[in-house]
Amino acid sequence: MAKDSRAEHVFQKATASAPYSTAINARGNVYLTNSNNNIYIDVIGSKAAITKAYLVPSVNFSQKFFNVDGKQYSNQFYDAAFVCVEVANISSTPLLVTAIKLEFSNYKNLRFGPGAYSGCPSEKISGVTPECMLQPGQRKKWLLQNGFVIPGMINFLEQESDEYVFDSHPKRTSNDFVIQRLNQFLRSTAGDKTMLKVSVFELNYKPVVIGHFRLADGSNLFATEPTMHKIGRKEVLAFPLQHDAFLGEALSQMKDGKINSFREACNSD
């Protein structure tokens, strides 16, 4: 019987969320085989890598607003977060990122919106500007334009308000116990299998790299190892979000009362 050559492919990690993680350098699709069945993994991109990914608290995400009669009214940014990604050009030629798309799967209770003007790139090619260009070896952080609300996030963070935050960029906490409590909260609120899919495009919506991140499986900036997860009939490698950065920025914003730190937290170093 002819040997299935698909099982011989060796792959590198498509995305990672720590500074010194490995980026993929393969074209097309890669197939792996286990003892039970074939596992199909999308590996796209020989030009770019996602080197960091973390949630960023929205502007006014912890502030309640009241009418003159004392009644509270809706603040669309309350409990809301955005996603910040760092993209690196790992090729030897300039790369024009024309769009970045964020998608969710297997979620519950999340509410989508508000949006934010994130500059370049957006989800539409019409938003491309010279700021979308990455030179060889260059990396940039971009705030993805579609936010989402995690109900109960502020109530959870208020219980962690005494946590020490390092004054770094972005701000971070080093307490793994707090990170695990955040994961537990996200599992109970958004679901254990909630997955974020980040697609980076060039040209006319041609993907150069796709990364999957499990919302309730975050860690710190030193975590790089992916885990296998099933989305529908396909299994994918999911990498950890840097929840130490989200906690640091969120708790700092709540303590300092800053309303613009969500953009600062996603500026390139």
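Residues numbered from 1 in each chain as written. Predicted model: local features only at pLDDT ≥ 70, side-chain atom pairs only at ≥ 80, totals over all residues. Heavy atoms only, no water.

**Student:** Kindly report on the overall build of the chain, identifying the contributing residues and their values.
**Tutor:** When its secondary structure is counted, the chain shows 4 helices and 15 strands. By residue count, 52% of the 269 residues in the chain fall in the buried class. Restricting the contact set of the chain to residue pairs at least 6 apart, pairs at least 24 apart contribute 72%. (Helix = DSSP H or I, 4+ residues; strand = E, 2+ residues; numbered from the N terminus. Buried < 20%, exposed > 50% of the residue type's maximum accessible area, 1.4 Å probe, protein only. Contact = heavy atoms within 4.5 Å.)

**Student:** Give me the lowdown on the side chain of H243, citing residues and values where you can.
**Tutor:** The topology assignment puts H243 in helix α3 (residues 243-256). Classification of H243 by relative accessible area gives buried; the value is 0%. The contact partners of H243, leaving out residues within four places of it in the chain, are L55, I179, L182, N183, L186, L215, G218 and S219.

**Student:** Before we move on, can you summarise the confidence of the model for the chain with the specific residues and values?
**Tutor:** Mean pLDDT over the chain works out to 78, with 75% of the residues at or above the 70 mark. By mean pLDDT, the top-scoring element of the chain is helix α2 (residues 176-189) (96), and the lowest-scoring one is strand β1 (residues 29-33) (39). (pLDDT = per-residue confidence, 0-100.)

**Student:** Break down the pattern of salt bridges for me, citing the residues and quoting the values.
**Tutor:** The tally for this structure, following the rule as stated, stands at 7 salt bridges. In this structure, the salt-bridge partner of E160 is R181, at a minimum N-O distance of 2.9 Å. Placement of E160 in the loop between α1 (153-158) and α2 and of R181 in helix α2 is noted, with a sequence separation of 21 residues between them. (Salt bridge = Lys/Arg side-chain N within 4 Å of Asp/Glu carboxyl O.)

**Student:** Residues and numbers for the pairing of strand β3 (residues 48-57), please.
**Tutor:** The element β3 is extensively covered by neighbouring structure, given that 10 of its 10 residues are classed as buried. The pairing of β3 with strand β6 (residues 80-89) spans 9 bridges and is antiparallel. Paired with A49 across the strands is A88, a residue of β6. (Pairing = 2+ DSSP bridges.)

**Student:** Explain the nonpolar core residue by residue, including any values.
**Tutor:** Residues V85, I100, M153 and L196 are the most contacted members of the largest nonpolar core, which totals 47 residues. Beyond its immediate stretch of four places on either side in the chain, I100 contacts V85, V87, P121, S122, E123, W142, L144, V198, S199 and V200. Listed in part, the 8 residues of the second largest apolar core include V56, F82, A245 and A265. (Core = buried A, V, L, I, M, F, W, Y, C linked by side-chain atoms within 4.5 Å.)

**Student:** Can you break down the packing of aromatic side chains residue by residue, with the values?
**Tutor:** The geometry of two aromatic rings is summed up by the distance between their centres and the angle between their planes. Summed over all chains, the structure comprises 6 aromatic pairs. Aromatic side chains Y164 and F166 sit 5.1 Å apart centroid to centroid with 90° between the ring planes, which places their arrangement in the edge-to-face category. Exposure remark for Y164: the relative accessible area of 55% places this residue in the exposed category. F166 sits in the partly exposed class, given a relative accessible area of 37%. (Phe/Tyr/Trp six-rings, centres within 6.5 Å; stacked < 30°, edge-to-face > 60°.)

**Student:** Lay out the state of the cysteines with the relevant residues and their values.
**Tutor:** For the coordinates displayed, the defined rule picks out 1 disulfide. One disulfide in the model links C84 with C266; its S-S distance is 2.1 Å. On the sign convention where negative is left-handed, the bridge of C84 and C266, at about 90° about the S-S bond, is right-handed. Of the two residues, C84 is situated in strand β6 and C266 in the segment after α4 (261-264); the sequence distance between them amounts to 182 residues. C266 carries the same exposure label as C84, and that label is buried. (Disulfide = S-S within 2.5 Å.)

**Student:** I'd like to hear about unusual backbone geometry, residue by residue, with values.
**Tutor:** For the bond running from H169 to P170, omega is -5°, close enough to zero to count as cis. Locating P170 in the fold gives a position in the loop between α1 and α2. Positioned with a positive phi, N106 is a non-glycine residue whose angle comes to about 55°. Summarising the element assignment, N106 is placed in the loop between β7 (95-105) and β8 (111-115). A positive phi is found at N109, a non-glycine position, where the angle reads about 70°. Structurally, N109 can be placed in the loop between β7 and β8.

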